[in-house]
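Spelled out from the first residue to the last, the chains are:
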Amino acid sequence: MIERYTLPEMGNLWTDAYKFKTWLQVEIAVCEAQAELGYIPAEAVAEIKAKANFDPKRVLEIEAEVRHDVIAFLTNVNEYVGDAGRYIHLGLTSSDVLDTALALQLVASLDLLLQNVQALIDVIRQKAKEHRYTVMIGRSHGIHAEPITFGFKLAGWLAEVLRHQERLQILRKTIAVGKISGAVGTYANIEPRVEAIACQKLGLQPDAASTQVISRDRHADFVQQLALLAASIERFAVEIRNLQKTDVLEVEEFFAKGQKGSSAMPHKRNPIRSERLTGMARIIRSHAVAALENVALWHERDISHSSVERVILPDACILTHFMLVETTDLVQNLLVYPENMARNMNVYGGVVFSQRVLLTLVEKGISREEAYKIVQENAHTAWNKPEGNFRDLISKDPRVTAKLSPAEIAACFDPQHHLQHLEQVYQRLGI
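For clarity, every value in this text was computed on a predicted model and none was experimentally measured.

Colleague: Just checking my understanding: could you explain the overall build of the chain for this structure?
Modeller: Along its length, the chain carries 19 helices and six strands. Here the C-alpha atoms of the chain give a radius of gyration of 30 Å, more than 25% beyond the 22 Å that 2.2 N^0.38 yields for 431 residues. In terms of its C-alpha atoms, the chain occupies a principal-axis envelope of roughly 100 × 50 × 35 Å. Out of the 431 residues in the chain, the part that is buried amounts to 50%. Accessible surface, the chain: about 20800 Å² in total, of which carbon and sulfur atoms supply 52%. Here the chain contributes 48 positive and 53 negative side-chain charges, whose respective centroids are spaced 7 Å apart.

Shown next as structure tokens:
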């Protein structure tokens, strides 16, 4: 991932140095397991732990010659360890190290993402509390529908992110799997007991049945869950973009002092962060497709997945982390304009209250078909006209006034009717 979108907390987990660190953790855990079972001397393990190290530049230098990353790494480690290094990697295949270490990277990345998901949850919940009674218009098909509150809109976002939190917690268990089972997964040259002990030391579970690699359905699941989270963030971002349109302007991204929106037009205040998030979600979705393609490997293993994962796994983690941090700040500092929400809701004389008029007329004994005709006729007369006033038309229509008193008509235009049950939603979500 390019530096522009790489935050250090996640970026550090995907450096060569961190990757080699996890490789060494796996090798040492296996050595410790071998020693516990009496296969290698405990003194040798102590020496390995005391001396083992690596130099990322040196590893790459060796790899340029041998064309094998794990051999290059082991060669460099043995330059530090010396004779005791002969006990490192006994009975292992490269994928034992690569896949088990990759699990450690993915778990560390998920732990960080879960922290950021919690931060986003906290911010959305707080913003929803602030605007639980901020009335605005709900929209369907992009057209004014009926009143809601901005807090209720945010409640939907909160529920969605809470579901993502639960999915990622499940995913952490799915991906925290290692394998120390040898060249084709048969434990021909290393005991299952070594795998069990080593994985326990690393905080992983042994894979139930690995080949030379851990099956890539787990990794596809990982990327798909990040893509789903990114899709939700995109939904929030698209909503902000729509609500920030000049002719709507109900919310707006925070615009910092000194910030400029256009090189040509000084008045511009553009939703650039929401647009950026929208674009990033597209990238992560594309990575989900690549992750699915990685599932179908030849026989017990080929390396067609390897080159793909070198790109998509760091990128997906780094981008998702950036998106979560960006979205949290965006929501926390979002500018909300209740006056504009009220203005938009009451355009054309409150046509959005048409259903209340319809149902009230039905309650008074008019057939639904006739009531619908009366209300639609008045609503469409008011619609899209600067002077259009649905409430005024309804109040003067003799078919309506014959059935409804002025107080009953006024009650139809009270937005509080539409909000009377929202407390139940807020209570479910701790808002």
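Moving on, there is more to tell.
Colleague: Mind showing me how you'd approach the environment of Glu370 here?
Modeller: For Glu370, the location among the structural elements is in helix α15 (residues 368-382). Residue Glu370 is classed as partly exposed on the basis of its relative accessible area, which comes to 34%. The spacing of Glu370 and Leu358 is 12 residues in sequence and 9.3 Å in space, taken between C-alpha atoms.

Colleague: When you look at the nonpolar core in this model, what are you seeing that I'm missing?
Modeller: Nonpolar side chains in soluble globular proteins tend to be buried together. If you look at the biggest cluster of nonpolar residues, it comprises 132 residues, and the most contacted ones within it are Trp14, Ile48, Phe73, Phe150, Phe222 and Phe390. Per element, the largest residue contribution to this core is 18 residues, and it comes from helix α6 (residues 94-130). The residues contacting Phe150, other than those within four sequence positions of it, are His131, Thr134, Met136, Leu243, Val251, Leu334, Val336 and Met341.

Colleague: What exactly am I supposed to notice about the packing of aromatic side chains here?
Modeller: Aromatic ring pairs: the centre-centre distance and the angle between the two ring planes describe each pair. Within this structure, the stated rule accounts for 10 aromatic pairs. Between Phe353 and Phe413, the ring centres sit 5.6 Å apart and the planes meet at 50°, which makes this aromatic pair tilted. Taken as a pair, Phe353 in the loop between α13 (347-350) and α14 (354-363) and Phe413 in the loop between α18 (406-412) and α19 (422-429) lie far apart in primary sequence, 60 residues in all. Phe413 carries the same exposure label as Phe353, and that label is buried. Centroid distance Phe390 to Phe413: 5.8 Å. Interplanar angle 50°. Geometry classified as tilted.

Colleague: Can you walk me through the layout of surface pockets in this structure?
Modeller: To find leftover empty space, a probe the size of one water molecule is rolled over the atoms. Taken as a whole, the largest pocket holds about 620 Å³ of empty space. Taken together, 27 residues make up the lining of the largest pocket; nearest its centre are Lys19, Asp69, Leu98, Ser306 and Arg310. At the level of elements, α2 (16-36), α6 and α11 (304-332) are the ones that each hand at least two residues to the lining of the largest pocket. Within the lining of the largest pocket, the residues separate by chemical class into nine nonpolar, eight polar and 10 charged.

Colleague: Would you mind going over the pattern of salt bridges with me for this structure?
Modeller: For side chains of opposite charge, pairing can occur when their charged atoms come near one another. All told, the structure shown has 28 salt bridges when counted by the stated rule. Glu130 is paired through a salt bridge with Lys127; the nearest N and O atoms lie 3.9 Å apart. Taken together, the positions of Glu130 and Lys127, both in helix α6 and three residues apart, correspond to about one turn of that helix. The exposure class assigned to Glu130 is partly exposed, which follows from its relative accessible area of 47%. Between Arg235 and Glu160 there is a salt bridge, and its shortest N-O distance comes to 2.8 Å. Here the residue Arg235 occupies a position in helix α9 (residues 217-243), and Glu160 occupies one in helix α7 (residues 150-175), the gap between them amounting to 75 residues. You can call Arg235 partly exposed: its relative accessible area is 40%. One connected set of salt bridges, linked through shared partners, spans Arg273, Arg276, Glu326 and Asp329.

Quick notes on the rules
Residues numbered from 1 in each chain as written. Predicted model: local features only at pLDDT ≥ 70, side-chain atom pairs only at ≥ 80, totals over all residues. Heavy atoms only, no water. Helix = DSSP H or I, 4+ residues; strand = E, 2+ residues; numbered from the N terminus. Rg over C-alpha atoms; globule rule 2.2 N^0.38 Å. Buried < 20%, exposed > 50% of the residue type's maximum accessible area, 1.4 Å probe, protein only. Areas by Shrake-Rupley, 256 points an atom, 1.4 Å probe, with all protein chains shown as cover. Lys, Arg positive; Asp, Glu negative; His and termini not counted. Charge placed at Lys NZ, Arg CZ, Asp CG, Glu CD. Core = buried A, V, L, I, M, F, W, Y, C linked by side-chain atoms within 4.5 Å. Contact = heavy atoms within 4.5 Å. Phe/Tyr/Trp six-rings, centres within 6.5 Å; stacked < 30°, edge-to-face > 60°. 1 Å grid on protein atoms, 1.4 Å probe; cavity = no way out; pocket = protein on both sides within 12 Å on 5 of 7 lines; lining within 4 Å. Points joined across faces, edges and corners; volume = space filled by probe spheres on them. Nonpolar A, V, L, I, M, F, W, Y, C, P; charged D, E, K, R; others polar. Salt bridge = Lys/Arg side-chain N within 4 Å of Asp/Glu carboxyl O.

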